[in-house]
Structure formats: C-alpha cells, structure tokens
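Topology and contacts: notes
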Amino acid sequence: MDLKGRSFLKLLDFTQEEILYLVDLAIELKEKRKQGIKGESLKGKNIALIFEKPSTRTRCAFTIGAQDEGGIATYLAGSELQLGEKESIEDTARVLGRMFDGIEFRGFDHDFVEALAEYSGVPVWNGLTDQWHPTQLLATLMTMKEHFGYLKGLKLVYLGDGRNNVANSLLVGCAKVGVDIAIAAPKKLWPGKELTETCEGIAKEAGSTVTVSDSLDVVEGADILYTDVWYSMGEEKKEQERIRLAVPYQVNADLMKRTGKSTTIFSHCLPANKGKEVTEEVFESEASKVFDEAENRLHTIKAIMVATLGDR
C-alpha cells in the first residue's frame, strides 16, 4: 500500500485498509527491532518535532523511531517558534517545509496542524491536538491485535471524559476497523453529536456498533476497558467538577468483573492519576496492558513515518 507523501492528521482521513496496514507494519517493525534489525528508510531525512505541550511517549517515540530508520529528529519547543504570533502558521510551515522532510506537531489548536500540512509541502504528523490523538489510537489497536490476535468483532468501552481527544480518536478508529465502541460517561462529558453520528455511519459500513451512554451496563461483554485522565492539559481548573462528574466511571476490580469476561484487558494512554480514573489494583494487575501500549507508541509512530516518508 502506498501512503508516501500523505500527512497523518486524523483517522477520518484514512480507510479501514490503510489503518490496518499501519497496524500490521508496526507489528512487523517491532519484530525486526527485537531481532536487532534496523532499517534505513528514513536515511538522510530531517524531521522537525514541534511541541507546544509536554510529552514523554510521543517525543521519545518520534525521536527513537526516526533514529532506528536512519533519520535525524530535531526538537523545536513551541515557545521557541513564532507559531502564529509574530509569524503566521502558514509562513512558518513554508519555511520549515523547505528545511525538513517531515514535521510532527503536538499542541492545542488542530487548525495549526492542518495548516502545517497544507502549506509545508511535506508529510505532517499529528502528535496530539485538543481534538484528536490519532497515533495513540494506532497503539491501542496494535496492542489489542497483539493480545487477541484479531480486531474485528472485539468490544472496547471507554469510561470517563468522553469528549476528549483520546475518546474522539477511539470512536473513529474503532468504528473504521469493525471494533464495537462504547463510551460510558456523564451526559455533560459525551462526545459531540455530529461526531457520534458520523461514527455510527462508519461503524454500520464496517459491521460494528457505536454506543454512547451514561449507564455502566455498556461494559457487559467488553474485551477491553479504557480510560484517560478526567481533565486534559489546560483544564486543571476544572479538576473538582470533573472528579464529581466522573467518579462513578472509575475503572476498578468490580467494574472489570462486570464485563462478564475473565479475558478482559485494561489500558490507558498515560500519564495516569491512579486512584482516580483507575485504581492501583487494576492498573498493576495482569489484565493491564498499559505499558504494552506505551511501548507500541514507538512502533506505530515509526510505521507512520516509514509509510508516509520512508524509502522502502
């Protein structure tokens, strides 16, 4: 499959086949890395890493992923760039596009990453914006496929803040690949109606279902329970309100049992507030695949760069 030259901004831009191809490529690259085999598909490529928001997994994954394939990654703190203040994002994009072969952006406004892709002339990858977190979703799918051996027909239930970037990306990604997706959240934290309806249409074509509910009954039959912090970066002032709203949706041992399956796994995009959205008991249990998914950020991000920029 040829994705050369494409940007990776949101999963709505990609077909089921393209998403599954990236997951399978990531699994292939992971196996090669375990065998000590590194590639040269990014040899001679210069990659800009723009970060407005702090990062552990995303920054390390892009840096190491580029190095593993012979590329050179340059970190650029958002505070050190003009980025729409003294210089328009369009002009910044045109400058960076003449110097770099690919650009990663992690920040607040999704319009910024769209503008970078439109004006830079090089592949641009979304490391996270307020609306979407597509690289995280690929790592989730990879982790699920590694554990269960397949994706279509599985059921994932996301609990807590159902309108954040991780929940949005899970809705789209799961619907695209035929995974049943349910969001369990208080009504004030439900995903947008337009996105939900879009994903319902996508899921119907893929043979899966989309459910949004304030009832915990949706966890019945779940193969994976997933959660995230109850307030995102920049929303710290809303902490007390979010805790009050979301505490019934904490992932704990009783909720894991409520799925009715002994094979149910748990995951989280990290960092976690243990004792809030998930108990220490579940987080540290054998069912927890949190750190498998954290590692898989490297392999899926590498796959994105190799597929869209690399010479294979």
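That block above? That's the structure.
These notes cover the structure that comes with them. Note on numbering: residues in each chain are counted from 1, in written sequence order. Only residues with pLDDT of at least 70 get local features here, since the model is predicted, and only at 80 or more are side-chain atom pairs given and counted; chain-wide, interface and lining totals rely on the full set of residues. The side-chain values count all of the structure's non-hydrogen atoms but skip hydrogen atoms and water molecules.

This brings us to the overall build of the protein. Scanning the protein from N- to C-terminus turns up eleven helices and nine strands. In terms of overall size, the protein behaves like a compact globule, its C-alpha atoms giving a radius of gyration of 19 Å where 312 residues would be expected to give roughly 20 Å. Taking all 312 residues of the protein together, 57% fall into the buried category. Within the protein, contacts between residues at least 6 apart in sequence are counted, and of these 75% link residues at least 24 apart. Each accessible area is a Shrake-Rupley result for a 1.4 Å probe, and residues are judged covered by the shown protein chains and nothing else. Carbon and sulfur atoms provide 47% of the accessible area of the protein, an area that totals close to 13300 Å². Only DSSP runs of H or I covering at least 4 residues are called helices, and only runs of E covering at least 2 are called strands; the numbering of each starts at the N terminus. Here the globule rule reads 2.2 Å times residues to the power 0.38, and the radius of gyration is calculated from C-alpha atoms. In this scheme, a residue with accessible area under 20% of its type's maximum is buried, one over 50% is exposed, and one in between is partly exposed, where area comes from a 1.4 Å probe on protein chains only. Pairs of residues are marked as contacts when any of their non-hydrogen atoms sit within 4.5 Å.

Once that is clear, we can look at the pairing of strand β9 (residues 265-268). Where burial is concerned, the two faces of β9 agree: the one with Ile265 and Ser267 and the one with Phe266 and His268 are both buried. Two strands pair under a simple rule: DSSP has to find at least two bridges between them. By the bridge criterion, four bridges tie strand β8 (residues 224-227) to β9 in an arrangement that is parallel. Note that in β9 the partner of Tyr226 across the bridge is Ser267.

Turning to the nonpolar core, a few remarks are in order. In terms of nonpolar packing, the biggest core is built from 61 residues, with Leu156 and Leu170 touching the most fellow members. Per element, the largest residue contribution to this core is eight residues, and it comes from helix α6 (residues 165-177). Not counting the four nearest positions on each side in its chain, Leu170 is found in contact with Leu137, Thr140, Leu156, Tyr158, Ala175, Ile181 and Tyr226. Among the nonpolar cores identified, the runner-up in size contains 20 residues, and Val157, Leu225, Val251 and Ala294 belong to it. Only buried residues count toward a nonpolar core. Its members are Ala, Val, Leu, Ile, Met, Phe, Trp, Tyr and Cys residues joined through side-chain atoms within 4.5 Å.

The term salt bridge refers to a side-chain nitrogen of Lys or Arg lying within 4 Å of a carboxyl oxygen of Asp or Glu. Enumeration over the complete set of coordinates arrives at 18 salt bridges. Arg94 is the partner of Asp91 in a salt bridge, and the nearest nitrogen-oxygen pair spans 2.5 Å. Residue Asp91 and its partner Arg94 are located together in helix α3 (residues 89-99), separated by three residues, close to a single helical turn. The exposure class of Asp91 is partly exposed, given its relative accessible area of 32%. Salt-bridge contacts for Lys274 lead to Glu284; the nearest nitrogen and oxygen are separated by 3.9 Å. Taken together, the positions of Lys274 in the loop between β9 and α10 (280-283) and Glu284 in the loop between α10 and α11 (290-308) put the pair ten residues apart, joining distant regions of the chain.

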